[in-house]
Amino acid sequence: MRLLLIIALLLPQLSLAEDAAVRKEVLAAKETVLELNRDLYELERELLSPATTRAAFNLTLNHGEYFEPLSIEISVDGELKVQHLYTERQVKALRMGAVQPLGDINLAPGKHSVRAVVRGVDHLGQGRELSVTEMVNKTSKPLITELVIVDRDDLQSARVQLKYW
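Worth saying up front: this structure is predicted, and the values here are computed from it rather than measured.

K.L.:
Hey, could you go over the overall build of the chain for me, with residue numbers and the actual values?
P.N.:
Assigned secondary structure in the chain consists of two helices and eight strands. Ordered by position from the N terminus, the helices and strands of the chain form the series α-β-β-β-α-β-β-β-β-β. Taken over 165 residues, the chain has a buried fraction of 30%. Considering only contacts within the chain whose residues lie at least 6 apart along the sequence, 63% involve residues at least 24 apart. Approximately 11,300 Å² of the chain is accessible, and the part contributed by carbon and sulfur atoms is 58%.

Given below as structure tokens:
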């Protein structure tokens, strides 16, 4: 009888030790899967968008006193590639100096027509549309562009320009 009592008391402790070991193994397996997933994502990104065809678009707002963006559209060679609608929080971050990545696209080396249209409101609350169209020469290196909305104090207005990094 004593033997049965001792076995009954020790069995749950053995079970708890096994559960802890199994939990550690499961956590280690989860971490391994997450690492593999990150590696797979990077590999997929490199295969689908290699550096020779990668073009990145970013937006910055220089002061933002005369213009508040509401949306942006970027077209390359007449085909719409990037669209974005702004929240108040994003506009506030842009006014504080944030650089917003708009997106990466695949762009073959050569000359391309890039058109960006930024819709928003001016300092008087009137609807405005800022646009820029430029010919871009894409080389075999990644193309990194920045759309900058710049205040023009002399005209109490704003304009958008395209810069390259």
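Still to come is the rest of the account.
K.L.:
Describe the pairing of strand E1 (residues 54–62), listing the residues and the values that go with them.
P.N.:
Most of E1 is tucked away, with eight of its nine residues classed as buried. When E1 meets strand E4 (residues 100–106), the two strands line up antiparallel, connected through six bridges. Directly across from phenylalanine 57, in E4, lies its bridge partner glycine 103.

K.L.:
Just give me the short version of unusual backbone geometry, but keep the residues and values in it.
P.N.:
For residues other than glycine, phi is negative in most cases, and the peptide bonds are mostly trans. Unusually for a residue other than glycine, aspartate 77 sits at a positive phi of about 55°. Along the polypeptide, aspartate 77 turns up in the loop between strand E2 (67–76) and strand E3 (79–85). With relative accessibility at 47%, the residue aspartate 77 sits in the partly exposed group. Phi is positive for glutamine 156, which is not a glycine, with a value near 45°. Relative to the assigned elements, glutamine 156 resides in the loop between strand E7 (143–152) and strand E8 (157–164).

K.L.:
Explain a negative patch on the surface to me, and be specific about the residues and the numbers.
P.N.:
Negative charge collects at one region of the surface, where Glu31, Glu35, Asp39 and Glu42 lie side by side. Glutamate 42 sits in the partly exposed class, given a relative accessible area of 41%.

K.L.:
Before we move on, could you go through the environment of valine 136 and cite the residues and values that matter?
P.N.:
Locating valine 136 in the fold gives a position in strand E6 (residues 127–138). Through-space distance from the C-alpha of valine 136 to that of histidine 112 is 5.2 Å; in sequence the pair is 24 residues apart. Leaving out residues up to four positions away in the same chain, valine 136 has contacts with Gly110, Lys111, His112, Val114, Leu143, Leu162 and Tyr164.

K.L.:
I'd like to hear about the sheet that holds E4, residue by residue, with values.
P.N.:
Across a sheet, strands are paired by hydrogen bonds formed along the backbone, either parallel or antiparallel in direction. Within the open sheet, the four strands sit side by side as E4-E1-E7-E8. Their pairing is mixed. Since the sheet does not close on itself, it has two edges, and those belong to E4 and E8, each with one partner. Mean inter-strand twist for the sheet, computed between neighbouring axes without regard to direction, equals 20°. Examined bridge by bridge, E1 and E7 share eight bridges and lie parallel to one another. Bridge assignment links alanine 56 to a residue of E7, and that residue is isoleucine 144.

K.L.:
So what's going on with the pattern of salt bridges? Residues and values would help.
P.N.:
The full count for this structure, using the stated rule, is five salt bridges. Between glutamate 68 and arginine 95 there is a salt bridge; the shortest N-O distance is 3.6 Å. Placement of glutamate 68 in strand E2 and of arginine 95 in helix H2 (residues 88–95) is noted, with a sequence separation of 27 residues between them. Given the relative accessible area of 37%, arginine 95 is considered partly exposed. Residues joined in a network through salt bridges with shared partners are Glu73, Arg119 and Glu129.

What counts and what doesn't
- Per chain, the residues get numbers from 1 upward, laid out in the order the sequence is written.
- Note on the predicted model: pLDDT of at least 70 is required for a residue's local features to be given, and 80 or more for side-chain atom pairs to be given and counted; whole-chain, interface and lining totals, by contrast, use all residues.
- Water and hydrogen atoms were dropped before computing side-chain values, which therefore reflect all heavy atoms in the structure.
- Helix and strand assignments follow DSSP, with helices taken as H or I runs no shorter than four residues and strands as E runs no shorter than two, numbered in order from the N terminus.
- Relative accessibility thresholds used throughout: buried, under 20% of the residue-type maximum; exposed, over 50%; partly exposed, between the two (1.4 Å probe, protein chains only).
- A contact between two residues is defined here by any heavy atoms of the two lying within 4.5 Å.
- Using the Shrake-Rupley algorithm and a 1.4 Å probe, accessible areas are obtained, with residue cover drawn only from the displayed protein chains.
- When DSSP locates at least two bridges between a pair of strands, those strands are taken to pair.
- Residues enter patches when they are more than 30% accessible in relative terms and free of salt bridges; like-charged ones are connected within 9 Å and nonpolar ones (Val, Leu, Ile, Met, Phe, Trp, Tyr) within 5 Å.
- Any Lys or Arg side-chain nitrogen found within 4 Å of a carboxyl oxygen on Asp or Glu counts as a salt bridge.
- When charges are counted, Lys and Arg contribute as positive and Asp and Glu as negative, whereas His and the chain ends are disregarded.
- The location of each charge is read from NZ of Lys, CZ of Arg, CG of Asp or CD of Glu.
- To obtain an axis, a line is fitted to C-alpha atoms, over the contacting stretch when the element is a helix, and the angle between two such axes runs from 0 to 180 degrees between their N-to-C directions.

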